[in-house]
Amino acid sequence: MVVNEVHGFRGSILMYGIILLELPTLILLFVLWQTGKLGEDGPFVMGFVFSLMVIVFTLLMNIRLELRLTTDGLSYRNPPFLNRWIKISPNEMKSIEVKKMDGLLEYGGVGVRFSRKTKAYIFFADHVIEVQLAKKKLVFSTHKPREVEEMISYWKENENLN
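The rules behind these values
- Residues numbered from 1 in each chain as written.
- Predicted model: local features only at pLDDT ≥ 70, side-chain atom pairs only at ≥ 80, totals over all residues.
- Heavy atoms only, no water.
- Buried < 20%, exposed > 50% of the residue type's maximum accessible area, 1.4 Å probe, protein only.
- Helix = DSSP H or I, 4+ residues; strand = E, 2+ residues; numbered from the N terminus.
- Pairing = 2+ DSSP bridges.
- Axes fitted to C-alpha atoms, helices over the stretch in contact; angles between N-to-C directions.
- Core = buried A, V, L, I, M, F, W, Y, C linked by side-chain atoms within 4.5 Å.

Participant: For this particular structure, what's the right way to read the pairing of strand 3 (residues 73-78)?
Facilitator: Note on strand geometry: in a regular strand, side chains alternate between the two faces of the sheet. By the criterion of burial, strand 3 is predominantly enclosed, with five of the six residues buried. As defined by bridge partners, strand 2 (residues 64-70) adjoins strand 3 across five bridges and the pair is classed as antiparallel. By the bridge assignment, Leu-69 is partnered in strand 3 with Leu-74. Inspection of the sheet shows strand 3 paired to strand 4 (residues 82-88) by four bridges, in the antiparallel sense.

See below:
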């Protein structure tokens, strides 16, 4: 039994919001450049702002959470920042539960959230997986709460979960 999930910002309202902010800015800069209000540095300013917007948009669209639950444990990675898989075996977990909450208000928005004892990977989903480890708590968004709960019950049946 394997549960695979991939979360990202592509196709979300965040992507459209960024586009709706970037396009008017580029249009305004283009008009200012064409009317001579940017001076001699107009092409440089246009190129710099356009390049910066493309880089930020590309970065945001490539951020994702890959989550894998197998009989051996939970593995996750967060490209492009964390490209290697981090594996957590069931006996390392003090507790694990699936909750119905979107995580946006509880953990402070979308994306990766760090605090002293909590690391949250929150994307647009209705459920979260809370994993309590010895020294910290991990939170992951999930679109597959039923499959995750089946995996948790499998771990409990085989006494792999503390």
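Next comes the rest of the write-up.
Participant: Got a minute to help me understand the sheet that holds strand 6 (residues 111-114) in this structure?
Facilitator: What holds strands together in a sheet is hydrogen bonding between their backbones, with the strands either parallel or antiparallel. Judged by pairing direction, the sheet is mixed, and its five strands sit side by side in the order 5-8-9-7-6 without closing on themselves. Lying at the two open borders of the sheet, with one neighbouring strand each, are strand 5 (95-100) and strand 6. Adjacent strand axes in the sheet meet at a mean angle of 15°, parallel and antiparallel pairs treated alike. Of the strand pairs in this sheet, strand 6 and strand 7 (residues 118-122) are connected by four bridges, and their pairing is antiparallel. By the bridge assignment, Gly-111 is partnered in strand 7 with Ile-122.

Participant: When you look at the nonpolar core in this model, what are you seeing that I'm missing?
Facilitator: When a protein is soluble and globular, its nonpolar side chains tend to lie buried together. Leu-74, Tyr-76, Val-131 and Phe-140 are the most contacted members of the largest nonpolar core, which totals 26 residues. Counting residues per element, the ones that place at least two in this core are strand 2, strand 3, strand 4, strand 5, strand 8 (127-132), strand 9 (137-142) and helix 4 (145-157). Here this core takes four residues from helix 4, the largest share from any one element.

Participant: So what exactly am I meant to see when it comes to the pairing of strand 8 here?
Facilitator: Judged by how many residues are buried, strand 8 sits mostly within the fold: five of six residues are covered. The pairing of strand 5 with strand 8 spans six bridges and is antiparallel. Bridging from a neighbouring strand, Lys-100 pairs with His-127 of strand 8. Sheet analysis places strand 8 next to strand 9, joined by six bridges and oriented antiparallel. The partner of Val-128 across the bridge, within strand 9, is Ser-141. The hairpin turn running from strand 8 into strand 9, its antiparallel successor, is four residues long.

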